[in-house]
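As a plain string of letters, each chain reads:
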Amino acid sequence: MAASTTTVPSASPSAGSRSFISRLRDGDEIARVITFLFAASVVLITLLLVLQLWHDSSLARHKFGFQFFVTRVWDPNAEQFGALPFIYGTLVTAVVSLLIAVPLGLGAAIFLAELAPQKISDTLQFFIDLLAAVPSVIYGLLGVFIVVPLMREIIQPALKSLLGFLPLFQGPPYGIGFLTAGIVLAIMVIPYIISVSREVLLSVPRDQREAALALGSTRWESTWKVVVPFARTGIMGSIFLALARALGETMAVTMVIGNTPTNSASLLSPGYSIAAVIANEFTEATGDVYLQALVELGLVLFLITFILNGLARLLMVVTTQKGSGMGHV
Amino acid sequence: MNSRLRWRKFVSGFMLTLTGVCAAVAVSVLFFILGYLVYHGGTSINWNFFTKLPAPVGEIGGGMANAIVGSAKLLLLASLFGVPIGFFGGIYLAEFSNSSIAFVVRYAADLLNGVPSIVIGIFAYALVVLPFKHFSTLAGAFALGLMMIPITLRSTEEFLHGVPRALREASMALGASRWKTIMAVVVPAAYRGIMTAILLALARVAGETAPLLFTAFGNRYWSPGLGQPTASLPAMIYSYAISPYDDWHRQAWAAGLVLLALILIVNIFARAILARGSAIPRS
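Describing the overall build of chain A
Here is step 1: Helix and strand content of chain A: 15 helices and two strands.
Here is step 2: Within chain A, buried positions represent 53% of all 329 residues.
Here is step 3: A sequence separation of at least 24 residues applies to 71% of the contacts in chain A between residues at least 6 apart.
Here is step 4: Accessible surface, chain A: about 14300 Å² in total, of which carbon and sulfur atoms supply 68%.

Put into structure tokens, the structure is as follows:
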């Protein structure tokens, strides 16, 4: 509304007579400057975070270069640091979690957006929101005492006897490992997929559905062949968002993945993830290179989630034409 | 009705039922979690849990009084740091800023919001722990406060945008300055929404563990002042859950129940406030 300069002669006399001094007396300029400082500090903090990660990993970056990402050895005693087992573990658990969470989450979102009456949909969404608020350490707690024994006693032996010929399901059923971490992660990211996908599906214009139904399609055909493709990009956004969460998740994964740097192809074997290795070894890291290698892992994690979140936002904006509903609040 | 149509109707009914099953499964997870925590935690909670320090390793009993106080201190300090930055930053975005600055600030806030919590921990370690040479309540609160900033900022902005323009114009027409209008008219009109957002932000960081591991660290005793390592409920749950002692497992369940109950109560309460006062529509 009011511009900060008064050099332009204004048509309305009242606007012109409010000089800089008078606005200063009213506190407007002071308020503008002070609130600006607060807003600017957000930008500064974010910049500082990026610079700090970059700077604090310089030793490791120079020493290992690109080899850091393709080396399998993680040996603090020999100061040899390769991130491959951790990157592998992070990716595998994230992929497993999405394989479970996407169909389940999308299905639930379709039910909430297309089928359930408004009241029921809102009530269920309320529970989903509460589910999203459950802290990750609680998921870890349940993972350790419920999912892990369940995997060890029932699910993993069953998988082995059914699909044991595949390299994916070999080795002893420890209970902990990639598969368990992936399942716990799936439970954690489902609420995000549901919330965002539901919102996107609800924003699909009503006439799309009616047109499909009028052409004689069944309810499911109109949903699956018209509404879901219409909302495709937004749903992809929700998946990227979930992927970013899954990759960066620390506590629940640390508690059930086994914390052993392996490159085993088997989903049943214990593994390690980027976030988990930082959580476990950061306070014990002796020597600059060791600590900086861990910071570099943090930088990698930051960059991956940064890119994924950016993509998710872009896709969301494309579909709903506004950036809300992206999970703040 | 030919068989083709019957098949299509069957598929439709089947798939739609399946989506209902998906929704039921997703929601039932919440009740499953609650049920298990009440079942395991409820039997482990006693008065000692809230009043006693952790027992020495190997001894049965003790409580988490220091962790409860530690968490409260961390959250209070985190809000003192994060809420003002988010709140006034949000006012700037909604009321003063031009679009290009607003874009940069929003972008930075969204970026900060997406940073994995463990990376926030690394940042707080470098910025607060290293200069002071030891783990502290201050460092933990800084990490948690950082995570509160983007949520508070974006919600403040959103709710201020939701305040009708006419309210602003009425106030300015009466001769109030811009700032007076904001503080006396606009912010009170959006007060409910902003409070809700701050409560939700608080509930979210209350359960954060990863950023505390190498900032607040942990402590089996009281942590005086702000410069000492401190225990916190989430970090205690983590270390007790992965410990080999049965009695610690029991206490981890109890702590989990207390933490989850607090977080869910705040969430329900905040959403109830928001639902009741629909004076300000969400933009």
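So much for the structure itself; the text now carries on.
Quick look at the environment of A:Pro157
Residues and elements named next belong to chain A.
Here is step 1: Secondary-structure assignment places Pro157 in helix 8 (residues 136-163).
Here is step 2: When the C-alpha atoms of Pro157 and Pro172 are compared, they prove to be 8.6 Å apart, with 15 residues separating the residues in sequence.
Here is step 3: Residue contacts for Pro157: discarding those within four places in its chain leaves Met151, Arg152 and Pro173.

Regarding the side chain of B:Asp110
Here is step 1: As for its position among the elements, B:Asp110 is in helix 4 (residues 99-114).
Here is step 2: Among residues more than four places away in sequence, those in contact with B:Asp110 are A:Arg313 and B:Arg154.

Remarks on the interface of chain A and chain B
Here is step 1: Counting residues at the interface gives 79 residues for chain A and 87 residues for chain B.
Here is step 2: In total, chain A and chain B occlude about 7400 Å² of area from one another, counting both sides; carbon and sulfur atoms represent 80% of this.
Here is step 3: Counting across the chain A and chain B interface gives three salt bridges.
Here is step 4: Between A:Asp129 and B:Arg271 there is a salt bridge whose closest N-O contact spans 3.6 Å.
Here is step 5: Between chain A and chain B we count 10 residue pairs in polar contact (both at pLDDT 80 or more) in total.
Here is step 6: For the side of chain A that touches chain B, the element with the most residues is helix 3 (residues 28-56) of chain A, which contributes 17 residues.

Looking at the pattern of salt bridges
Here is step 1: Taken as a whole and judged by the stated rule, the model has 15 salt bridges over all chains.
Here is step 2: Here B:Arg106 ties to B:Glu157 by a salt bridge, and the two come within 2.6 Å at their closest N and O atoms. Residue B:Arg106 is located in helix 4, and its partner B:Glu157 is located in helix 6 (residues 137-161); the two are separated by 51 residues in the primary sequence.
Here is step 3: For B:Arg106, a relative accessible area of 25% corresponds to the partly exposed category.
Here is step 4: Residue B:Glu157 is classed as buried on the basis of its relative accessible area, which comes to 4%.
Here is step 5: Where salt bridges share partners, they join A:Arg313, B:Arg106, B:Asp110, B:Arg154 and B:Glu157 into one cluster.

Points about the nonpolar core
Here is step 1: Residues A:Trp74, A:Ile138, A:Leu201, A:Ile278, A:Leu297, B:Ile118 and B:Phe214 are the most contacted members of the largest nonpolar core, which totals 192 residues.
Here is step 2: Broken down by element, this core gets its largest block of residues, 15 residues, from helix 6 (residues 84-115) of chain A.
Here is step 3: In this structure, A:Trp74 is in contact with A:Phe68, A:Gln80, A:Phe81, A:Gly82, A:Phe86, A:Val277, A:Glu281, A:Tyr290, A:Ala293, A:Leu294 and A:Leu297, ignoring residues within four places of it in sequence.

As for helix 9 (residues 178-202) of chain A
Residues and elements named next belong to chain A.
Here is step 1: Taking 1.5 Å per residue as the helical rise, helix 9 with its 25 residues ought to reach 36 Å, and the 35 Å between its terminal C-alpha atoms agrees with that figure.
Here is step 2: Helix geometry: helix 9 is bent most strongly at Val189, by close to 35°, with proline Pro191 lying one to four residues after it.
Here is step 3: Counting buried positions over the 25 residues of helix 9 gives 20, a clear majority of the element.

Considerations on a nonpolar patch on the surface
Here is step 1: On the surface, a cluster of nonpolar side chains totalling about 580 Å² of accessible area is made up of B:Trp7, B:Phe10, B:Phe14, B:Leu18, B:Val21 and B:Val25.
Here is step 2: Mapping B:Phe14 onto the fold places it in helix 1 (residues 3-42).

A look at the packing of helix 7 (residues 118-133) of chain A against helix 10 (residues 246-276) of chain B
Here is step 1: It is at 10 Å that the axes of helix 7 of chain A and helix 10 of chain B come closest, and there the two elements cross at 140°. One element, helix 7 of chain A, and the other, helix 10 of chain B, form an angle in the oblique class. Considering how the two elements wind past one another, helix 7 of chain A and helix 10 of chain B form a crossing that is right-handed. Where helix 7 of chain A abuts helix 10 of chain B, its residues A:Phe126, A:Asp129, A:Leu130 and A:Ala133 lie against B:Ile263, B:Leu264, B:Asn267, B:Ile268 and B:Arg271.
Here is step 2: Across the contact of helix 7 of chain A with helix 10 of chain B, the residue classes tally to six nonpolar, one polar and two charged.

Observations concerning the packing of aromatic side chains
Each aromatic ring pair is characterised by the separation of its centres together with the angle its planes make.
All names here are of chain A.
Here is step 1: Considering all chains together, one arrives at 33 aromatic pairs over all chains under this definition.
Here is step 2: Judged by centre distance (5.4 Å) and plane angle (10°), the ring pair of Trp220 and Trp224 falls under stacked. Highlighted residues: Trp220 and Trp224, both in helix 11 (residues 219-230), separated by four residues, approximately one helical turn.
Here is step 3: Owing to a relative accessible area of 10%, Trp220 belongs among the buried residues under this scheme.
Here is step 4: The partly exposed category is assigned to Trp224, whose relative accessible area is 41%.
Here is step 5: Grouped by ring-pair contacts, the aromatic residues Phe64, Phe66, Phe68, Phe69, Trp74, Phe81, Phe86, Tyr272 and Tyr290 constitute a single cluster.
Here is step 6: If you follow Arg61 out to its NZ or CZ, it ends over the ring of Trp54, 3.5 Å from the centre.
Here is step 7: Just above the ring of Tyr192 sits the side chain of Arg245; from NZ or CZ to the centre is 4.4 Å.

So, helix 4 of chain B
Here is step 1: For helix 4 of chain B, with 16 residues, the first-to-last C-alpha span of 22 Å sits near the 22 Å given by 1.5 Å per residue.
Here is step 2: For helix 4 of chain B, the complete set of buried residues consists of B:Ala102, B:Val105, B:Ala108, B:Ala109, B:Asp110, B:Leu111, B:Leu112 and B:Asn113.

Quick notes on the confidence of the model for chain A
Residue and element names in this part refer to chain A.
Here is step 1: Chain-level statistics for chain A give a pLDDT mean of 87 and a share of 89% at 70 or above.
Here is step 2: The secondary-structure element of chain A with the lowest mean pLDDT is helix 1 (residues 13-17), recorded at 47, while helix 6 shows the highest, at 95.
Here is step 3: The low-confidence segment residues 1-16 (pLDDT under 50) makes 12 contacts with residues lying over four places distant or belonging to another chain.
Here is step 4: Within the model, the stretch residues 322-329 combines pLDDT values under 50 with 17 contacts to residues more than four positions away or in other chains.

A look at the packing of helix 7 of chain A against helix 9 of chain A
Residue and element names in this part refer to chain A.
Here is step 1: Contact geometry of helix 7 with helix 9 gives a least axis separation of 9 Å together with a crossing angle of 140°. Accordingly, the angle class assigned to the pair helix 7 and helix 9 is oblique. Note that helix 7 runs across helix 9; the crossing there is left-handed. On helix 9, the residues touching Ser121, Asp122, Gln125, Ile128, Asp129, Leu131 and Ala132 of helix 7 are Pro191, Tyr192, Ile194, Ser195 and Arg198.

Reading the values: the criteria
Residues numbered from 1 in each chain as written. Chains lettered and ligands numbered in written order. Predicted model: local features only at pLDDT ≥ 70, side-chain atom pairs only at ≥ 80, totals over all residues. Heavy atoms only, no water. Helix = DSSP H or I, 4+ residues; strand = E, 2+ residues; numbered from the N terminus. Buried < 20%, exposed > 50% of the residue type's maximum accessible area, 1.4 Å probe, protein only. Contact = heavy atoms within 4.5 Å. Areas by Shrake-Rupley, 256 points an atom, 1.4 Å probe, with all protein chains shown as cover. Buried area = accessible area lost by both parts, 1.4 Å probe. Salt bridge = Lys/Arg side-chain N within 4 Å of Asp/Glu carboxyl O. Polar contact = N/O pair within 3.5 Å; in protein donor to acceptor, adjacent residues only side chain to side chain. Core = buried A, V, L, I, M, F, W, Y, C linked by side-chain atoms within 4.5 Å. Expected span 1.5 Å × (residues − 1). Bend = angle between axes of the 7 residues up to and from the residue. Patch = residues over 30% accessible without salt bridge, like charges linked within 9 Å, V, L, I, M, F, W, Y side chains within 5 Å. Axes fitted to C-alpha atoms, helices over the stretch in contact; angles between N-to-C directions. Parallel < 35°, antiparallel > 145°, perpendicular 65-115°, else oblique. Left-handed = near helix turned anticlockwise from the far one by under 90°. Nonpolar A, V, L, I, M, F, W, Y, C, P; charged D, E, K, R; others polar. Phe/Tyr/Trp six-rings, centres within 6.5 Å; stacked < 30°, edge-to-face > 60°. Lys NZ or Arg CZ within 6 Å of the ring centre and 35° of its normal. pLDDT = per-residue confidence, 0-100.

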